[in-house]
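Reading the structure
This is what each chain is made of:
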Amino acid sequence: MSSPSKVTIALAPGDGIGPEIMDACLRIFDAAGVNEHVDFTTVEMGQSVFATGESRGMTDEAVETIESCGILYKGPMGTPIGGGGKSINVTLRKTFGAFANLRHFISLPGVDTVFSRAGVPVDMYIVRENVEDTYGGVEHRVTNDVVECKRLISAPGCDQVCQFAFQTAKQLGIEQVHCGHKANIMKMTDGLFLSRFRTLGEDYPDIEKADVIIDALCMNLVLKPQVYKMIVLPNLQGDIVSDLAAGLVGGLGFAPSANIGDQISIFEAVHGTAPDIAGKGLANPTSLLLSGIMMLRHVGLTRCAAVIENALLATLESGVHTGDFGDPDVPAVGTSDFADAVIAHLGKHPSGQEARPVPESQAVSFTPPTRPSVNEMMQTFTQVNANIVGCDITVETTLTPLDLAQRLERVAMGTPYKLTMISNRGTQVWPSGSPYTELVDAQRVRFEIEDKHLIGRIGQGPTVHLLSRIAEKFAIVGFVPLREYDGERGFSLAQGQ
Ligand code: NAI
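Structural notes on the overall build of the protein
Check the secondary structure of the protein and you find 14 helices and 18 strands. On the principal axes, the C-alpha backbone points of the protein span a range of 85 × 50 × 45 Å. Expressed as a percentage of its 497 residues, the buried residues of the protein come to 47%. Long-range pairs, those at least 24 residues apart, make up 76% of the contacts in the protein with a sequence separation of at least 6. Side-chain charges in the protein split into 39 positive and 57 negative, and the spacing between the mean points of these groups amounts to 7 Å.

Quick look at the structure:
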């Protein structure tokens, strides 16, 4: 067991180049005195565990160790292609509630990019929501021709990540935070994310808040990346924009990544296992080292972090490089020699750019998690009056919208519901529509309560009854009750409705 002044960190070297780059990082840590404050304990994860048939890619002991440590430092791990095995990286973030992915993108000396050549410094953070969105992976083949993916965004989920972004910005002295979104199209999901960003932002009057539509953001990042200091985004958009940002500073090999949760956090390299160079001693350990530096700061080891970061910057500045970057006229070194070069630069500072300030002292500030007894997210503080006003039913059919409407109107006779709309791939095709709208075999039909006085008086029973009547004639492939919340519509309109 660690003494209280030490922290225990679960360590998973990973697959492919993972063990090589992890070894390099651990040697640098050791030389910088990290081991006086940290005990590393290795856990079994990755391809060797998948090969035993364990579809999570980690053993029960690994899960227990990570839960008791609260910190995992991991190398890249391969995802089995095909079969049921899901990405271990996504599983880890979701299982342990690591809801925010924090990445720092900064121009590094010796790393040649379009922007470094133009003298435009890049220094920005991206905070990506890590658990929700389409990453729920809730997908179905609903008909012969149609598959769907459910995009789940929750108010508490948005709050966690936006709060984390503002708190981190405050700690780092960042004056402006942007929210990237597509709320002009996905008014409910992205709309919720943006609205929670704005609401939580009110608690941070010193931070300037701005929002930007994701497509414009991508263009701006390529044209003028220096404008952005911190961007917070939903999961999928954040994933894509993070890699775009990595490209601005030289690629995934230079982009550290921290997955932060209330209790458990994961620090990892964002690149993959690089099977093409695995075992050859050629891999660049910079990304894993930068993630390790974030981890050291996370546990309070600010002095070690600054000393190692300055040594890395000085090494890069000296022109030492692995084969994936750097001056082609300077021979590349291998992973181990690169680590030796960083070790030789410990205590030195970069001269061409500002060195990271090295604090006089440091102390472990991280406390391992306590097993949660209640789920704090599972509560809502807003009391709203929710009433059923209808339902959307998706049926598998190749009937024309007019034929379908006539049949469904007959089925709905004698119920409180009126057929109000049919849409196909989200575009209204009945009662009005265009013959040029192309159709697929999943039609969404919308029924709404005809007599508005009944709203609030009838529950979901009649809706389910209507569903079962339709099910006698059609294959049902989707059913969603339509609700109003305090009189406000809780569903979107179809395109053209
Ligand atoms: P990759 O990142 O492994 O490789 C892409 C290219 O970048 C290759 O040419 C590789 O040699 C190079 N590269 C990557 N890291 C490097 C480093 N540190 N130093 C020098 N060159 C480096 O991506 P790929 O090939 O798509 O994926 C390979 C495997 O990695 C897959 O099984 C994938 O599922 C997994 N993967 C794991 C990740 C993680 O654990 N966080 C992230 C991405 C992929």
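There's plenty left to go through after this.
Side note on the site of the ligand
Surrounding the ligand, one finds 20 residues, the nearest of these being Met77, Gly272, Ala274, Asp276 and Asn284. Between the ligand and Asn89, the relevant distance is 3.1 Å, taken from an oxygen atom to a side-chain nitrogen or oxygen of the residue. Between a nitrogen atom of the ligand and a side-chain N or O atom of His271, the distance comes to 3.2 Å. Computed on the free molecule, the ligand has an accessible area of 810 Å², of which 64% lies beneath the protein chains in the complex. Each residue belonging to the shell around the ligand can be placed in one class, and the counts come to nine nonpolar, seven polar and four charged.

Examining the domain arrangement of the protein
As far as domains go, the protein holds domain 1 (1–99 + 261–374), domain 2 (100–237) and domain 3 (386–489). Contacts between domain 2 and domain 3 engage five residues on the former and five residues on the latter. Summed over both partners, the interface of domain 2 with domain 3 buries about 450 Å², with 62% contributed by carbon and sulfur atoms. When the buried area of domain 2 at its contact with domain 3 is split by residue, Val142, Thr143 and Val146 rank highest and sum to 67% of it. Linking domain 2 with domain 3 are zero salt bridges, by the criterion used here. In this assembly, domain 2 and domain 3 are joined by three residue pairs in polar contact (both at pLDDT 80 or more).

A short note on the environment of Met22
The residue Met22 is located in helix α1 (residues 18–31) in this model. When the C-alpha positions of Met22 and Ala269 are compared, they lie 9.8 Å apart, and in sequence the two are 247 residues distant.

Here's the deal with the sheet that holds strand β11 (residues 256–260)
A sheet is described by the order of its strands in space; here 10 strands give the open sequence β2-β1-β3-β12-β11-β4-β5-β10-β8-β9, paired in mixed fashion. Two strands lie at the open edges of the sheet, namely β2 (38–42) and β9 (208–213), each paired on one side alone. Within the sheet, the average angular offset between the axes of one strand and its neighbour, ignoring direction, is 25°. Inspection of the sheet shows strand β5 (residues 123–129) paired to strand β10 (residues 230–233) by four bridges, in the parallel sense. Paired with Arg128 across the bridge in β10 is Leu233. Packing against the sheet, helix α7 (residues 189–201) makes contact with β5, β8 (176–181), β9 and β10, and its axis sits at approximately 165° to β8. Across the sheet, helix α9 (residues 235–248) is in contact with β4 (100–106), β5, β8 and β10; its angle to β5 comes to roughly 160°.

Considering the environment of Gly292
Position of Gly292 among the secondary structure elements: in helix α10 (residues 286–298). Expressed as a C-alpha distance, the spacing of Gly292 and Ile266, which sit 26 residues apart in the sequence, is 10.0 Å.

What to know about the nonpolar core
Counting 71 residues, the largest nonpolar core has Tyr73, Val127, Val232, Leu289 and Ile308 as its most contacted members. For this core, the domains that each give at least three residues are domain 1 (1–99 + 261–374) and domain 2 (100–237). In contact with Ile308, not counting residues within four places along its chain, are Ile28, Phe29, Ala32, Val34, Leu289, Ile293, Leu296 and Leu346.

What to know about the pattern of salt bridges
All told, the structure shown has 20 salt bridges when counted by the stated rule. A salt bridge links Glu309 to Arg356; the nearest nitrogen and oxygen atoms lie 2.9 Å apart. Residue Glu309 is located in helix α11 (residues 302–317), and its partner Arg356 is located in the loop between α12 (335–344) and β13 (386–396); the two are separated by 47 residues in the primary sequence. Overlapping salt bridges, with partners in common, bring together Glu54, Arg56 and Asp60 in one network.

Things to note about the state of the cysteines
Per the stated rule, a full pass over the model turns up zero disulfides. In this model Cys25 remains outside any disulfide bridge; the closest cysteine sulfur is found in Cys304, 14 Å from its own. The thiol of Cys149 is unpaired, and the distance to the nearest cysteine sulfur, on Cys158, comes to 16 Å.

Brief notes about the sheet that holds strand β18 (residues 488–489)
Strand order in the open sheet made by the six strands is β15-β14-β16-β13-β17-β18, with antiparallel pairing throughout. Since the sheet does not close on itself, it has two edges, and those belong to β15 (427–430) and β18, each with one partner. Sheet topology note: the strand β17 (residues 475–485)/β18 ladder contains two bridges and is antiparallel. Its bridge partner being in β18, Tyr485 is matched across the sheet by Glu488. Contacts from helix α13 (residues 401–412) reach β13, β14 (417–424), β15 and β16 (442–449), with the element oriented near 155° to β14. Where helix α14 (residues 461–471) meets the sheet, it contacts β13, β14, β16 and β17, and its direction lies at approximately 10° from that of β13.

Digging into the pairing of β17
Each regular strand carries side chains that alternate between the two faces of the sheet. As paired strands, β13 and β17 are joined by 10 bridges and run antiparallel to one another. Looking at the pairing, Asp392 lines up with Val480 of β17. Hairpin connection of β17 to β18: two residues between the antiparallel strands, including Asp486 at a positive phi of 50°.

Examining the packing of aromatic side chains
Under the counting rule described, the total for this entry stands at five aromatic pairs. The interplanar angle of 20° and the centroid separation of 5.2 Å between the aromatic rings of Phe166 and Tyr204 together place this pair among those described as stacked. Here Phe166, found in helix α6 (residues 155–172), pairs with Tyr204, found in the loop between α7 and β9; they are 38 residues apart in sequence, far enough to count as distant. The residues Phe166 and Tyr204 share a single accessibility class, namely buried. An aromatic cluster is defined as three or more aromatic residues linked by ring pairs; in this entry it consists of Phe29, Phe40 and Tyr73. The ring of Tyr135 has Arg128 lying over it, and the distance from NZ or CZ to the ring centre is 5.2 Å. Here the guanidinium or amino end of Arg489 rests over the ring plane of Phe491, the centre of that ring lying 6.0 Å away.

Cut-offs used in this document
- Just so you know, the residues in each chain are numbered from 1, in the order the chain's sequence is written.
- Totals for whole chains, interfaces and linings use every residue, but because this is a predicted model, local features are given only for residues with pLDDT of at least 70 and side-chain atom pairs only at 80 or more, for both listing and counting.
- Water and hydrogen atoms were dropped before computing side-chain values, which therefore reflect all heavy atoms in the structure.
- Helix numbering and strand numbering both begin at the N terminus, where a helix is a DSSP run of H or I of at least 4 residues and a strand a DSSP run of E of at least 2.
- For the exposure calls, accessible area comes from a 1.4 Å probe over protein chains only, and a residue counts as buried if that area is under 20% of its type's maximum, exposed if over 50%, partly exposed in between.
- Note on contacts: a residue pair is in contact if any heavy atoms of the two residues lie within 4.5 Å.
- In this count, Lys and Arg are taken as positive residues and Asp and Glu as negative ones, while His and the chain termini are left out.
- By convention, the charge on Lys lies at NZ, on Arg at CZ, on Asp at CG and on Glu at CD.
- Residues are counted as near a molecule or strand when any one of their heavy atoms sits within 4 Å of it.
- In protein, a polar contact means a hydrogen-donor-capable atom and an acceptor-capable atom, both N or O and within 3.5 Å, with residues adjacent in sequence counting only if both atoms are side-chain atoms; elsewhere, any N or O pair within 3.5 Å suffices.
- Surface accessibility in these figures is a Shrake-Rupley result with a 1.4 Å probe; residues are shielded only by whichever protein chains are displayed.
- Residue classes follow a fixed rule: Ala, Val, Leu, Ile, Met, Phe, Trp, Tyr, Cys and Pro count as nonpolar, while Asp, Glu, Lys and Arg count as charged, and any other residue, Gly among them, counts as polar.
- Marked domain ranges trace back to an automatic or database domain assignment.
- As a working definition, buried area equals the accessible area (1.4 Å probe) given up by two parts on being put together, with both sides summed.
- Salt bridges are counted wherever a side-chain nitrogen of Lys or Arg sits within 4 Å of a carboxyl oxygen of Asp or Glu.
- For two strands to be treated as a pair, DSSP must find no fewer than two bridges joining them.
- Between the N-to-C directions of two axes lies an angle of 0 to 180 degrees, each axis being a line fitted to C-alpha atoms and, for a helix, fitted only over the stretch in contact.
- For this analysis, a nonpolar core means a set of buried residues of the types Ala, Val, Leu, Ile, Met, Phe, Trp, Tyr and Cys, connected via side-chain atoms within 4.5 Å.
- By definition, disulfides here are pairs of cysteine sulfur atoms that lie within 2.5 Å.
- Each aromatic pair joins two rings of Phe, Tyr and Trp (for Trp, the six-membered one) with centres within 6.5 Å, and gets the label stacked for planes under 30 degrees apart, edge-to-face for over 60, and tilted for any other angle.
- A ring has a charge above it when a Lys NZ or an Arg CZ is no more than 6 Å from the ring centre and no more than 35 degrees off the ring normal.

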